[in-house]
Amino acid sequence: NSSSAFGSYNTASGSASSAIGRSNTATALNSISIGTQNRTLSTAYTSVNVGILNNTSGATIDGTTGAISGTIVDNSSHARISSAVGIKNLANGIKSSAFGYANTGSSQSSSAFGHLNSITSAINSLTVGDSNSLFNANYSTAIGYSNAISYSNNCTIIGYDNGVGFSSNVTAVGYSIS
């Protein structure tokens, strides 16, 4: 199957897959896991995981020592043609991306960049920054800190602590606009 595993405790069982580092799995066709404790499910073909604990749950990282503890559970929703780069990111949507720390891109063609951003049921959507959330918000964008769009399509919010709900075609720029 022309797969490659380098390092300690790596598994590369998918055809043309690679697992490099420590305790990574690459079980899907054309999948790559590089770093520590990254996972690629057998159904997540052509996916990329680079970093630590991407596409997993259950484990924690000590902020002081960097030690990993807890039981690592594979992300059963990890999608095909997806990318998770950084630490504890989840790429659950087809053609989704999650970059940074603890971001979740669980919608088709969605991208979450930064820290603790979440995209759920929001196809072709984007979050950039910290603690932004998109839920049932197709074709929407949230940039900044603590912005939220829910049950709204074609919306853009930029700034801090903004919220849009049950609306469409809204643009909000600034602070605490709802």
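Scroll up a little and you will see the structure.
What counts, and at which threshold
- Per chain, residues are indexed from 1 in the order of the written sequence.
- Thresholds applied to this predicted model are a pLDDT of at least 70 for local features of residues and 80 or more for the giving and counting of side-chain atom pairs; totals over whole chains, interfaces and linings are not thresholded and use all residues.
- To obtain the side-chain values, all non-hydrogen atoms of the structure were used and water was disregarded.
- When DSSP finds at least two bridges between two strands, those strands are taken to pair.
- Helix numbers and strand numbers start at the N terminus; a helix is a DSSP run of H or I with at least 4 residues, a strand a run of E with at least 2.
- Here the term buried applies to any residue with accessible area under 20% of the maximum for its type, exposed to any over 50%, and partly exposed to those in between, with areas from a 1.4 Å probe on protein chains only.
- Between rings of Phe, Tyr and Trp, where Trp is taken as its six-membered ring, a pair exists when centres lie within 6.5 Å; planes separated by under 30 degrees are stacked, by over 60 edge-to-face, and by other angles tilted.
- Contacts were defined at the residue level, with two residues in contact if any of their heavy atoms lie within 4.5 Å.
- A patch is a set of surface residues, each over 30% in relative accessible area and not in a salt bridge, joined within 9 Å for like charges and within 5 Å for the nonpolar side chains Val, Leu, Ile, Met, Phe, Trp and Tyr.
- Accessible surface area values rest on a Shrake-Rupley calculation with a 1.4 Å probe, where residue burial reflects the displayed protein chains alone.
- A pair is scored as a salt bridge if a Lys or Arg side-chain nitrogen falls within 4 Å of a carboxyl oxygen belonging to Asp or Glu.

A.B. asks: Requested: an account of the sheet that holds strand β14 (residues 104-105), with residues and values cited.
C.D. replies: Reading across from one edge, β12-β14-β16-β18-β20-β22 is the order of the six strands in this open sheet, with parallel pairing throughout. Each edge of the open sheet is held by one strand with a lone partner, namely β12 (90-91) and β22 (163-165).

A.B. asks: Please give an account of unusual backbone geometry that cites residues and values.
C.D. replies: In the Ramachandran plot, Ser121 falls in the positive-phi region, its phi being about 50 degrees despite a non-glycine side chain. On the secondary structure map, Ser121 appears in the loop between β16 (118-120) and β17 (126-130). Residue Ser121 is classed as partly exposed on the basis of its relative accessible area of 37%. A positive phi angle is found at Tyr151, which is not glycine, with a value near 50 degrees. Residue placement: Tyr151 occurs in the loop between β20 (148-150) and β21 (156-160). Accessibility expressed as a relative area gives 42% for Tyr151, which makes it partly exposed.

A.B. asks: An account of the packing of aromatic side chains is requested, with residue identities and associated values reported.
C.D. replies: Following the criterion strictly, the structure yields five aromatic pairs and no others. Seen in terms of ring centroids, Tyr151 and Phe166 are 5.0 Å apart; in terms of plane orientation they differ by 5 degrees. Their pairing is stacked. Of this pair, Tyr151 sits in the loop between β20 and β21 while Phe166 sits in the loop between β22 and β23 (171-175); the two residues are 15 residues apart in sequence, bridging distant segments of the chain. Taken together through their ring pairs, the aromatic side chains of Phe135, Tyr151 and Phe166 make up a single cluster.

A.B. asks: Outline the environment of Thr120, supporting the account with residue identities and numerical values.
C.D. replies: Looking at the element boundaries, Thr120 is found in strand β16. In this structure, the C-alpha to C-alpha distance between Thr120 and Ala137, residues 17 residues apart in sequence, is 8.1 Å. Setting aside its immediate chain neighbours within four residues, Thr120 contacts Ser106, Ser107, Leu134, Phe135 and Asn136.

A.B. asks: Summarise a nonpolar patch on the surface; cite the residues concerned and give the values.
C.D. replies: A surface patch of nonpolar side chains, about 360 Å² in accessible area, is lined by Phe113, Val128, Ile143, Ile158 and Val173. Take Phe113: its relative accessible area is 32%, and that puts it in the partly exposed class.

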